[in-house]
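# Coordinates in review
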Amino acid sequence: MANPYCNRSISPIYKLRPDAKSAKIYLYPKPVDFRKSINGLAALVALDIKVEIFNPVLLAFLNRSRSQVKILYWERNGFLLVAQAPRGRAAQNPARCW
């Protein structure tokens with residue numbers, strides 16, 4: 001059953017999509033400081049969970065309250081970082097969204 005408090009739609013501006021070949025999705029097991037950007041998140045993955053970040057995989061990170069998500073992906077010539085935070089009632093109760 002869909003949660004009416006979650007708005008998981010992605011803006012139509014977002015046109016970049018990972019390859020269909022990226023079959024693996026890794027969720028980083030610890031809460032992440034969301035002030036980290038591409039280099040910091042890539043270093044966390046390379047050092048902690050030892051995943052090859054230049055392979056076609058999606059790397060997902062959550063903040064401490066699990067109310068925001070960042071997804072890191074390697075394109076042919078650089079990283080793609082997507083961040084999303086729920087708005088409205090979903091932001092008041094993040095446990096129902098994720």
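The following refers to the structure shown. (Residues numbered from 1 in each chain as written. Predicted model: local features only at pLDDT ≥ 70, side-chain atom pairs only at ≥ 80, totals over all residues. Heavy atoms only, no water.)

As enumerated under the stated definition, the model contains two salt bridges in all. In this structure, Asp48 engages Lys30 in a salt bridge whose closest nitrogen and oxygen atoms are separated by 3.2 Å. With Asp48 in helix 1 (residues 38-49) and Lys30 in the loop between strand 1 (24-27) and helix 1, this residue pair connects regions lying 18 residues apart in the sequence. With its nearest N and O atoms 2.9 Å apart, the salt bridge here joins Asp33 to Arg35. (Salt bridge = Lys/Arg side-chain N within 4 Å of Asp/Glu carboxyl O. Helix = DSSP H or I, 4+ residues; strand = E, 2+ residues; numbered from the N terminus.)

Strand direction decides the pairing type here: strand 2 (residues 57-62) and strand 3 (residues 69-74), joined by five bridges, are antiparallel. Bridged to Leu62 within strand 3 is Val69. The loop that links strand 2 with its antiparallel partner strand 3 comprises six residues; one of these, Arg66, has a positive phi angle of about 60 degrees. Across six bridges, the pairing between strand 3 and strand 4 (residues 79-84) is antiparallel. Pairing of Tyr73 across the sheet is with Leu80, part of strand 4. (Pairing = 2+ DSSP bridges.)

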